[in-house]
There are 4 protein chains.
Amino acid sequence: MHKVVIRMTIQIKVWDRPVLKEPILICGLPGSGYVAKIALDFLVSELKSIPLATIYSYSFPPQVLIRPDGSAELSKHEISYVRGQNGDLLLYTGDAQPINPQAEYELSNKVLDFAAEFGVKRVFTLAAYITGQFVKSPRVFGTATNQDLLRLLVQNGALVMSEGTITGMNGLIIGLAALKGMEGACLLGETSGYVMDPKASHAVLSLLKKVIKLDIDLTPLEERAKQGEVLRSILESMKKATETQSEKDLGYIS
Amino acid sequence: MHKVVIRMTIQIKVWDRPVLKEPILICGLPGSGYVAKIALDFLVSELKSIPLATIYSYSFPPQVLIRPDGSAELSKHEISYVRGQNGDLLLYTGDAQPINPQAEYELSNKVLDFAAEFGVKRVFTLAAYITGQFVKSPRVFGTATNQDLLRLLVQNGALVMSEGTITGMNGLIIGLAALKGMEGACLLGETSGYVMDPKASHAVLSLLKKVIKLDIDLTPLEERAKQGEVLRSILESMKKATETQSEKDLGYIS
Amino acid sequence: MHKVVIRMTIQIKVWDRPVLKEPILICGLPGSGYVAKIALDFLVSELKSIPLATIYSYSFPPQVLIRPDGSAELSKHEISYVRGQNGDLLLYTGDAQPINPQAEYELSNKVLDFAAEFGVKRVFTLAAYITGQFVKSPRVFGTATNQDLLRLLVQNGALVMSEGTITGMNGLIIGLAALKGMEGACLLGETSGYVMDPKASHAVLSLLKKVIKLDIDLTPLEERAKQGEVLRSILESMKKATETQSEKDLGYIS
Amino acid sequence: MHKVVIRMTIQIKVWDRPVLKEPILICGLPGSGYVAKIALDFLVSELKSIPLATIYSYSFPPQVLIRPDGSAELSKHEISYVRGQNGDLLLYTGDAQPINPQAEYELSNKVLDFAAEFGVKRVFTLAAYITGQFVKSPRVFGTATNQDLLRLLVQNGALVMSEGTITGMNGLIIGLAALKGMEGACLLGETSGYVMDPKASHAVLSLLKKVIKLDIDLTPLEERAKQGEVLRSILESMKKATETQSEKDLGYIS
């Protein structure tokens with residue numbers, strides 16, 4: 001009889017072993033309003049980043065995704081890299097977050113260890129700051145694992161929070177980074193939480209761009225944000241039609 | 001004191017070690033409408049396949065099933081084989097899918113490794129394409145892990161999807177197969193999702209039969225499908241009586 | 001830094017190492033109507049069984065129980081033994097079933113391995129057959145892992161089932177016993193599922209007593225059952241007062 | 001390919017290795033009314049205890065907490081120590097309990113093993129005794145793993161329970177302590193369960209102080225309790241306004 005001992009596993013397929021110059025890790029996994037995911041997808045596409053590793057995990061949703069060409073593929077995460085004038089970047093995003101909390105810790109830990117192999121010492125994650133209402137100019141909030149880095153965010157326009165939580169890997173990654181002697185910061189784009197929100201992604205990237213001195217044209221994302229805003233105003237009209245009470249800031253973050 | 005370290009286990013009892021000729025693995029585990037399970041049970045019974053392995057897992061529902069002869073037995077999965085003119089087949093089905101998502105990955109992975117020991121390089125899974133409505137002639141959708149195989153499905157009448165997910169082991173098995181260098185394809189039979197649907201199973205097998213050039217008489221399953229259709233029309237009448245709105249295709253797959 | 005690898009554990013404290021004569025294992029863990037637990041507690045108390053082992057598990061409910069003397073204690077399971085004229089007995093019961101399904105498999109497996117060390121080859125579990133209605137004379141259903149043992153149950157008055165499931169450890173234990181080359185049988189006492197039901201426990205033990213030729217006086221349990229019946233008739237009156245529809249046998253087992 | 005085996009882990013960062021004199025471990029993790037957590041935070045602050053260890057676990061909520069200074073940090077637990085005239089103390093509290101039951105066992109076990117390294121033989125946990133109603137003078141209930149210790153609690157004013165459960169680590173820790181040959185006791189402060197209840201914390205500490213002959217001024221906590229009472233009376237007025245039925249003691253403990 002085969003007696004099989006099963007263990008929880010993460011598989012990392014490594015495609016390249018580049019030597020990188022002071023790389024910064026930028027993470028954005030799917031969450032509320034897809035704020036972080038849209039931003040990362042934009043960076044990957046606009047910066048033409050080079051595939052570095054593909055990650056599979058038994059903790060991802062148990063399903064295959066049908067891609068636009070009709071093919072089926074497991075959920076996966078991807079790390080890619082870009083060489084830049086002001087230091088290199090590692091970009092990390094994926095199809096879905098793990099479906100159990102412990103696996104969120106495990107994978108965050110693993111990705112940080114992997115990034116450390118390339119010399120990463122500073123990590124940025126992007127996230128959503130959910131308020132339950134639509135706004136014209138989304139604010140960007142910032143938090144960091146040390147006061148120096150927090151100050152840098154504030155100097156570039158981020159607002160400081162004094163309570164709350166950032167749930168999921170976009171939060172855990174900076175928390176775990178600190179335990180490993182790395183610096184971590186999270187930029188949170190204000191969003192209603194009701195729709196995919198490229199406008200919040202744009203706001204977050206506009207600030208990140210300044211913080212890391214990244215040379216990137218955000219115009220294409222601005223276009224998507226404008227289209228999103230059309231949808232937003234339609235939804236808002238519908239909403240106003242069905243409610244009279246003013247909404248309050250929920251202050252909920254995810 | 002006994003201090004017992006417990007591990008998650010899968011047990012595979014192997015009954016035979018046949019040398020097989022280019023075997024193809026065909027999988028159909030219980031899911032919506034029992035489309036895949038009915039199809040596999042039919043193949044096993046009609047092709048008189050020979051038991052190859054029985055699988056038990058701590059991730060199966062924690063219960064014994066009372067069989068028709070009054071005996072009690074653990075939930076199990078079974079792999080059997082058939083020698084055919086156009087290559088041999090491994091058939092894989094079982095009582096129930098694992099009850100936690102990670103175990104679905106683990107077992108899919110294990111079954112593929114086991115099949116690889118017999119030389120399997122191509123894997124077909126069957127599944128349900130749920131629409132929420134009853135149809136006279138269920139469509140069959142196809143997806144594959146590479147474009148060549150997808151084309152083969154289409155040439156034999158399968159419709160292509162461009163989005164969605166296939167949840168559970170009938171999806172995972174082809175996704176994991178691709179990671180192991182095997183080819184995987186899934187055929188999904190259109191079904192309401194409300195009742196056991198041998199008609200969808202028949203539609204799927206009619207297409208599969210052509211794809212893998214399998215010599216099998218589907219008439220007995222057609223009979224079951226017709227009986228199913230009687231039930232369907234009764235249910236439909238009841239449904240029409242209680243609703244006036246036309247239903248829309250939900251496009252939900254499981 | 002302490003880095004601690006944690007594993008799922010079961011701890012078995014063994015109090016004695018008796019040499020037993022063809023021992024039979026009788027199991028009854030808490031479930032619907034406490035049918036099995038009441039029966040086992042009665043056997044333990046009436047037969048003055050001797051403690052053999054205490055079992056703790058991380059899969060038990062995460063709590064301490066306050067005992068009647070005001071002390072606090074972890075949930076636990078206990079195995080005790082009795083020497084008898086017609087072979088010895090191992091009795092197995094406990095405070096609660098594990099709270100995750102996989103742990104039910106693990107613990108069932110462990111207890112069977114432990115029992116095998118004492119020479120156990122035949123295992124009986126007790127369970128509830130839930131019907132949703134109160135009855136004067138609860139029926140006893142039986143199932144077994146082989147036809148010979150099933151016949152023995154029937155000869156002593158058990159009714160045969162032809163479908164359904166027995167969920168939890170009272171089912172799993174006999175299913176896993178069969179995989180280990182032991183014989184397993186389950187006796188299920190008919191019960192409403194609404195109240196603790198010593199009457200069903202009495203019915204089950206009356207039949208078990210004949211099957212294993214056990215010399216035991218069930219009168220004290222009959223007394224408890226009669227008290228239970230008083231409660232039952234009160235509840236039934238209340239129920240009749242609030243409903244007019246006759247209830248149907250739900251055929252649900254747990 | 002990196003193939004990563006993941007294990008459930010607890011990380012304990014140890015800051016100091018003091019030699020302690022007959023130390024007693026006092027635990028209070030967040031639970032109903034924050035009774036235990038408020039009490040421990042008060043002890044830590046008032047006794048100016050010295051950091052001994054910080055604990056991180058993959059079973060903590062998957063999130064970072066934003067601290068009042070705007071920085072982000074993982075959930076954590078902390079053990080600190082105080083040298084006292086009547087023996088030394090280890091104080092144990094944290095941000096949140098583990099989110100899965102098995103991890104509650106694992107961490108309780110680990111913390112007790114760690115405490116044993118410093119010579120701990122007696123463990124006190126604090127908890128809430130939920131009644132669903134506001135009271136002027138909360139009662140304090142006690143339970144212990146042996147009758148001698150229970151008597152000591154009663155001599156100092158604790159009431160004895162004869163049934164019920166204490167759920168979570170504040171219960172498990174004393175249950176597991178007993179298995180390790182330590183003595184364990186739990187003091188439960190009566191609380192409504194509706195609000196943070198420093199008054200219940202004060203009641204519990206007043207009794208604990210006598211039991212362990214601890215020299216501490218509880219006046220600052222009494223102040224907080226009074227402020228809490230103002231809130232309580234407002235809530236009670238609101239409650240009375242919306243209900244006429246008298247409430248009954250729910251006897252629920254957590």
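What counts as what
- Residues numbered from 1 in each chain as written.
- Chains lettered and ligands numbered in written order.
- Predicted model: local features only at pLDDT ≥ 70, side-chain atom pairs only at ≥ 80, totals over all residues.
- Heavy atoms only, no water.
- Helix = DSSP H or I, 4+ residues; strand = E, 2+ residues; numbered from the N terminus.
- Buried < 20%, exposed > 50% of the residue type's maximum accessible area, 1.4 Å probe, protein only.
- Contact = heavy atoms within 4.5 Å.
- Areas by Shrake-Rupley, 256 points an atom, 1.4 Å probe, with all protein chains shown as cover.
- Least-squares fit on C-alpha atoms with pLDDT ≥ 70 in both.
- Salt bridge = Lys/Arg side-chain N within 4 Å of Asp/Glu carboxyl O.
- Axes fitted to C-alpha atoms, helices over the stretch in contact; angles between N-to-C directions.
- Parallel < 35°, antiparallel > 145°, perpendicular 65-115°, else oblique.
- Left-handed = near helix turned anticlockwise from the far one by under 90°.
- Expected span 1.5 Å × (residues − 1).
- Pairing = 2+ DSSP bridges.
- Phe/Tyr/Trp six-rings, centres within 6.5 Å; stacked < 30°, edge-to-face > 60°.
- Nonpolar A, V, L, I, M, F, W, Y, C, P; charged D, E, K, R; others polar.
- Patch = residues over 30% accessible without salt bridge, like charges linked within 9 Å, V, L, I, M, F, W, Y side chains within 5 Å.
- Lys, Arg positive; Asp, Glu negative; His and termini not counted.
- Charge placed at Lys NZ, Arg CZ, Asp CG, Glu CD.
- Buried area = accessible area lost by both parts, 1.4 Å probe.
- Polar contact = N/O pair within 3.5 Å; in protein donor to acceptor, adjacent residues only side chain to side chain.
- pLDDT = per-residue confidence, 0-100.

Enquirer: Quick one: what's the story with the overall build of chain A, residue by residue and with numbers?
Expert: Counting its secondary structure elements, chain A contains six helices and 14 strands. Looking at the 254 residues of chain A, the share that counts as buried comes to 59%. At a minimum sequence separation of 6, the contacts of chain A that also span at least 24 residues come to 77%. For chain A, the exposed area adds up to about 10500 Å²; of that, 52% sits on carbon and sulfur atoms.

Enquirer: A description of the relation of the copies chain C and chain B should follow, citing residues and the corresponding values.
Expert: The relation between the two copies of this chain is a rotation about an axis and a shift parallel to it. Between chain C and chain B, which share one sequence, the superposing operator has a rotation angle of 90° and an axial displacement of 0.0 Å; the RMSD is 0.0 Å. The superposition of one copy onto the other is thereby described by a four-fold rotation axis.

Enquirer: Talk me through the pattern of salt bridges; I want residue IDs and the actual numbers.
Expert: Scanning the model with the defined rule gives 40 salt bridges over all chains in all. Overlapping salt bridges, with partners in common, bring together Arg67(A), Glu73(A), Lys76(A) and Asp95(A) in one network.

Enquirer: Mind laying out the packing of helix α2 (residues 101–116) of chain C against helix α4 (residues 169–179) of chain C, listing which residues take part and the relevant values?
Expert: Residues and elements named next belong to chain C. Two elements in contact, α2 and α4, have axes whose closest approach is 9 Å; the angle formed by their N-to-C orientations is 55°. The orientation of α2 relative to α4 falls into the category oblique. You can see that α2 and α4 cross each other, and the crossing is right-handed. When α2 is examined against α4, the residues Glu-104, Tyr-105, Leu-107, Ser-108, Asn-109 and Leu-112 are found in contact with a partner set consisting of Met-169, Leu-172, Ile-173, Leu-176 and Ala-177.

Enquirer: A description of helix α5 (residues 198–211) of chain C should follow, citing residues and the corresponding values.
Expert: Residue pairs three or four apart in sequence face the same way in an α-helix, which turns once every 3.6 residues. Residue and element names in this part refer to chain C. In a regular helix each residue adds 1.5 Å, so 14 residues correspond to 20 Å; α5 covers 20 Å between its end C-alpha atoms and thus fits that length. Counting buried positions along α5 yields 11 of 14 residues, so the element is predominantly enclosed. Every buried residue of α5 is accounted for by Pro-198, Lys-199, Ala-200, Ser-201, His-202, Ala-203, Val-204, Leu-205, Leu-207, Leu-208 and Val-211.

Enquirer: Before we move on, can you summarise the pairing of strand β4 (residues 50–57) of chain A with the specific residues and values?
Expert: Moving residue by residue along a regular strand, the side chains alternate between the two faces of the sheet. Residues and elements named next belong to chain A. Where burial is concerned, most of β4 is hidden: six out of the eight residues are buried. Here strand β2 (residues 9–14) pairs with β4 via five bridges, running antiparallel. Paired with Lys-13 across the strands is Thr-54, a residue of β4. With five bridges connecting them, β4 and strand β7 (residues 77–82) associate as antiparallel partners. Paired with Pro-51 across the bridge in β7 is Ser-80.

Enquirer: Tell me about the packing of aromatic side chains, and please be specific about residues and values.
Expert: Residue and element names in this part refer to chain D. Following the criterion strictly, the structure yields 16 aromatic pairs over all chains and no others. When the ring of Phe-134 is compared with that of Tyr-194, the centres are 5.9 Å apart and the planes differ by 55°; the resulting orientation is tilted. One end of the pair, Phe-134, is in the loop between β9 (122–130) and β10 (140–144); the other, Tyr-194, is in the loop between β13 (183–191) and α5 (198–211), with 60 residues separating them in the sequence.

Enquirer: Give a description of the sheet that holds strand β5 (residues 63–66) of chain C that names residues and reports values.
Expert: The three strands are arranged β6(C)-β5(C)-β12(D) in an open sheet whose pairing can be described as antiparallel. Pairing within the sheet leaves two strands with one partner each, and these edge strands are β6 (72–74) of chain C together with β12 (165–167) of chain D. Along the sheet, successive strands turn relative to each other by an average axial angle of 30°, direction set aside. In terms of strand pairing, β5(C) meets β12(D) through three bridges, oriented antiparallel. Note on β12(D): the bridge partner recorded for Leu65(C) is Thr165(D). Lying on the sheet, helix α4 (residues 169–179) of chain D is in contact with β5 and β6 of chain C together with β12 of chain D; it crosses β6(C) at an angle near 85°.

Enquirer: Summarise the packing of helix α1 (residues 35–46) of chain A against helix α5 (residues 198–211) of chain A; cite the residues concerned and give the values.
Expert: All names here are of chain A. Two elements in contact, α1 and α5, have axes whose closest approach is 8 Å; the angle formed by their N-to-C orientations is 65°. As for the relative orientation of α1 and α5, their crossing is right-handed in sense. Contacts between α1 and α5 involve Val-35, Ile-38, Ala-39, Phe-42 and Leu-43 from the former and Pro-198, Ala-200, Ser-201, Val-204 and Leu-205 from the latter. Taken together, the residues that form the contact of α1 with α5 break down as nine nonpolar, one polar and no charged.

Enquirer: Tell me what's going on with a negative patch on the surface, and back it up with residues and numbers.
Expert: A surface patch of negative charge is lined by Glu46(D), Asp217(D), Glu222(D) and Glu223(D). Using a relative accessible area of 30% as the deciding quantity, one classes Glu46(D) as partly exposed.

Enquirer: An account of the interface of chain C and chain B is needed here, citing residue identities and associated values.
Expert: In this complex, chain C contributes 38 residues to the contact, which on the side of chain B involves 28 residues. Summed over both sides, the interface of chain C with chain B buries roughly 2900 Å², with 63% coming from carbon and sulfur. Where chain C packs against chain B, one counts zero salt bridges. The interface formed by chain C and chain B includes 10 residue pairs in polar contact (both at pLDDT 80 or more). With seven residues, α2(C) is the single largest residue contributor to the side of chain C that touches chain B.

Enquirer: Got a sec to walk through a nonpolar patch on the surface? Specific residues and values, please.
Expert: A cluster of nonpolar side chains, contributed by Val230(A), Ile234(A) and Met238(A), occupies part of the molecular surface with about 290 Å² of accessible area. Position of Met238(A) relative to the elements: it lies in helix α6 (residues 219–242).

Enquirer: Quick one: what's the story with the relation of the copies chain D and chain A, residue by residue and with numbers?
Expert: Rotating chain D by 90° and moving it 0.0 Å along the rotation axis overlays it on chain A with an RMSD of 0.0 Å. When the interface residues of chain D are mapped onto chain A, a mere 14% of them again fall at the interface, so the copies present different faces.

Enquirer: How would you explain the interface of chain D and chain A if you had to name every residue and give the values?
Expert: Contact residues are listed per partner, giving 28 residues for chain D and 39 residues for chain A. The tally of links from chain D across to chain A stands at 10 residue pairs in polar contact (both at pLDDT 80 or more). At the level of elements, β1 (2–5), β2 (8–14), β4 (50–57), β5 (63–66) and β6 (72–74) of chain D are the ones that each hand at least two residues to the side of chain D that touches chain A. In terms of residue class, the side of chain D that touches chain A is made up of 17 nonpolar, six polar and five charged.

Enquirer: I'd like a description of the confidence of the model for chain A, backed by residues and values.
Expert: All names here are of chain A. Mean pLDDT for chain A: 90, with 90% of residues reaching 70 or above. Taken together, the stretch residues 244–254 has pLDDT below 50 and engages in 28 contacts with residues farther than four places along the chain or on a different chain. Across the predicted assembly, pTM comes out at 0.88 and ipTM at 0.87.

Enquirer: Can you lay out the environment of Thr93(C) for me, pointing to particular residues and giving the numbers?
Expert: Residue and element names in this part refer to chain C. Secondary-structure assignment places Thr-93 in strand β8 (residues 89–94). Looking at Thr-93, the relative accessible area reads 7%, which means it is buried. Other than its neighbours up to four places away in sequence, Thr-93 contacts Gly-28, Leu-29, Lys-37, Leu-40, Asp-41, His-77 and Glu-78. There is a polar contact of 2.7 Å between the side chain of Thr-93 and the backbone oxygen of Gly-28.

Enquirer: So what's going on with the sheet that holds strand β6 (residues 72–74) of chain A? Which residues, and what values?
Expert: Sheet architecture is open: three strands sit in the order β6(A)-β5(A)-β12(B), paired in antiparallel fashion. Looking along the sheet, the strands with just one partner apiece sit at the ends: β6 of chain A together with β12 (165–167) of chain B. With direction set aside, neighbouring strand axes in the sheet form an average angle of 30°.

Enquirer: Summarise the side chain of Ser201(A); cite the residues concerned and give the values.
Expert: Tracing the backbone shows Ser201(A) in helix α5. Residues in contact with Ser201(A), not counting those within four places in the same chain, are Tyr34(A), Val35(A), Ile38(A), Ala39(A) and Leu221(A).

Enquirer: Could you give me a rundown of the environment of Gly189(A), with the residues and numbers involved?
Expert: All names here are of chain A. Along the polypeptide, Gly-189 turns up in strand β13 (residues 183–191). When the C-alpha positions of Gly-189 and Ala-200 are compared, they lie 4.9 Å apart, and in sequence the two are 11 residues distant. Every residue in contact with Gly-189, bar those within four places of it in the chain, is listed here: Ala-127, Ala-128, Tyr-129, Arg-139, Ala-200 and Val-204.

Enquirer: Can you explain the environment of Asn146(C)? Please cite residues and give values.
Expert: Residues and elements named next belong to chain C. One can find Asn-146 in the loop between β10 (140–144) and α3 (147–155). Accessibility expressed as a relative area gives 21% for Asn-146, which makes it partly exposed. Along the sequence, Asn-146 and Gly-184 sit 38 residues apart, while their C-alpha atoms lie 7.8 Å from each other. One polar contact links the side chain of Asn-146 to the main-chain amide nitrogen of Asp-148, over a distance of 3.1 Å.

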